[in-house]
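The chain contents come next:
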Amino acid sequence: MRRRNFLAAAAGGLVVAGGGLPAWAMTGREAAGGSYAAFLDGLRQQALAAGVPASVVDQSLALAPAPNQDVLKLDRHQPEFTLTWAQYRDRVISSARQDKGRQTYQQVRGTLSPLARQFGCDDNAVMGIWGLESGFGERQGRFNVIEALATLAFDGRRATFFRSELIKAMQILARGVISPSDMLGSYAGAMGQPQFMPSAYLRFAADGDGDGLCNIWSSEADVFASIANYLGRSGWQRGEPWGEEVTVPLGSNGQFTSFAATKSRHASVHPVSTWQAMGVRPAQSSGFLAPQATGSLLQPDGPGGQAFLVYRNFRAIRAYNPSDYYALAVGILGDRIIR
């Protein structure tokens, strides 16, 4: 269908999908038999209906004249290997990253600490996430977010999700925070230094420098405020540990016991005193960090591997990224930077 005919029909409510939806609500290759041009027409109508100014829509979609083949290649050929926790830990909590984090923290502490406190978080968690997501702001991604999301909305595995994120990205652009060409992120649309998806930005991005904007690309104050706000609103409790390394007892056969869970979603929750009665001991000699807390015993590599008692702040980190490995790495990296 030609563009002018498509728009005229859509405006009159005559172009519908099988379920009675307007054509612009169709996803991916459903639009016009797979025509990318018609797909962009549909996006334009949907964005306008969502209140995005026409000038912003036009500037945005001009950046996505065709699907980005690098995005499609990355989306379709993700590596299919599984790291152990020990391998992942050694890869992401390198001594170089820790050293960089300590140096950077000393430089930004005066800005970060008041914002973490204001939004209900602690410095270590913010530094851990900032370090893992973008190397303390050095790596934000090389893809234009609009182009990447348009590509995945048209031809990706989760077209409906990415189409929704694309409309939200244009709503963010309508706020004047950043220009469409400067909205950079990962191939999957995660944006800026904290790597927020557009939907996460709309929920959690915060203004840390008081300029009325939430610039997670170039304002460190906004980055810190946004990460702290995300964690604070996800249940983070200031002053409490996320977890701690522990040792588990040997069984009668001399082997490590296996009552710890390998995944946190399967883990039992008990008071620390109960775990202590079962023979669990803190790795540090000064005693448990949270002796009055309740927690879960996690042994991600199974019996004989590293073991942790994880508390409710661990769950707040998992709200940011629902991976046990990620949450452990954030916690450990943040603690090593701060302490």
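Our structure is the block above this text.
Residues numbered from 1 in each chain as written. Predicted model: local features only at pLDDT ≥ 70, side-chain atom pairs only at ≥ 80, totals over all residues. Heavy atoms only, no water.

### Structural notes on the packing of aromatic side chains
Where we set the bar: To pair, rings of Phe, Tyr and Trp, with the six-membered ring standing in for Trp, must have centres within 6.5 Å; the planes then decide the type, stacked if under 30 degrees apart, edge-to-face if over 60, and tilted in the middle. The way it works is that DSSP assigns letters per residue, a run of H or I at least four long becomes a helix, a run of E at least two long becomes a strand, and they are numbered from the N terminus. Whether a residue is buried, partly exposed or exposed follows from its accessible area with a 1.4 Å probe, protein chains only, as a fraction of its type maximum: under 20%, in between, or over 50%, in that order. Consider the ring centre and the ring normal. A charge sits over the ring if Lys NZ or Arg CZ is within 6 Å of that centre and within 35 degrees of that normal.
This model, assessed by the stated rule, comprises 17 aromatic pairs. Seen from their ring centres, Trp85 and Tyr88 are 6.2 Å apart, and the 35° between their planes marks the pair as tilted. Pair noted here: Trp85 and Tyr88 are both in helix 5 (residues 85-92), with a separation of three residues, about one helical turn. Under the relative-accessibility criterion, Trp85 is labelled buried at 0%. Accessibility expressed as a relative area gives 16% for Tyr88, which makes it buried. Taking the centre distance of 5.7 Å and the plane angle of 50° together, the rings of Phe196 and Tyr230 count as tilted. Linking Phe196 in the loop between strand 2 (184-185) and helix 10 (198-204) with Tyr230 in helix 11 (residues 220-233), this pair joins segments that are 34 residues apart in sequence. For Phe196, a relative accessible area of 1% puts it in the buried group. These aromatic residues form a ring-pair network of at least three members: Trp85, Tyr88, Trp242, Phe308 and Tyr325. The lysine or arginine in question, Arg158, covers the ring of Phe161, its NZ or CZ lying 4.6 Å from the ring centre.

### Regarding the sheet that holds strand 5 (residues 281-282)
This is how it is decided: One requirement defines pairing of two strands: DSSP has to find at least two bridges between them.
Reading across the sheet, the five strands line up as 4-6-7-3-5 and stay open at both edges, with antiparallel pairing between neighbours. Only two strands of the sheet have a single partner each, and these edge strands are strand 4 (269-271) and strand 5. The pairing of strand 6 (residues 294-298) with strand 7 (residues 307-310) spans three bridges and is classified as antiparallel. Bridging across to strand 7, Ser296 finds its partner in Val310.

### Notes on the packing of helix 11 against helix 13 (residues 312-320)
We apply this condition: Throughout, an axis means a line fitted to C-alpha atoms (over the contacting stretch in the case of helices), and angles, computed between N-to-C directions, take values from 0 to 180 degrees. Our angle categories are set so that under 35 degrees counts as roughly parallel, over 145 as roughly antiparallel, 65 to 115 as roughly perpendicular, and the remainder as oblique. Two helices crossing with the near one rotated counterclockwise from the far one by less than a right angle form a left-handed crossing, whereas a clockwise rotation gives a right-handed crossing. Residue contacts are defined here by distance: any two heavy atoms, one from each residue, within 4.5 Å place the two residues in contact. Here the nonpolar group is Ala, Val, Leu, Ile, Met, Phe, Trp, Tyr, Cys and Pro; Asp, Glu, Lys and Arg are the charged ones; every other residue, Gly included, is treated as polar.
The geometry of helix 11 relative to helix 13 is characterised by a closest axis approach of 8 Å and an angle of 120° between their N-to-C directions. As the angle between them shows, helix 11 and helix 13 are arranged oblique. Crossing hand, helix 11 versus helix 13: right-handed. For the pair helix 11 and helix 13, contact is made by Ile227, Tyr230 and Leu231 and by Ala316, Ile317, Ala319 and Tyr320, respectively. By residue class, the composition of the contact of helix 11 with helix 13 is seven nonpolar, no polar and no charged.

### Digging into the nonpolar core
So the rule is basically this: Working definition of a nonpolar core: buried Ala, Val, Leu, Ile, Met, Phe, Trp, Tyr and Cys residues. They are joined through side-chain atoms within 4.5 Å.
Formed by 88 residues in total, the largest nonpolar core has its most connected members in Tyr88, Met170, Met183, Tyr201 and Trp242. With nine residues, the top contributor of residues to this core is helix 14 (residues 324-338). Once residues lying within four places of it in the same chain are set aside, the contact partners of Tyr88 are Leu83, Leu132, Tyr325, Tyr326 and Ala329. Counting residues in hydrophobic clusters, the runner-up holds twelve residues, among them Val280, Ala290, Leu309 and Tyr311.

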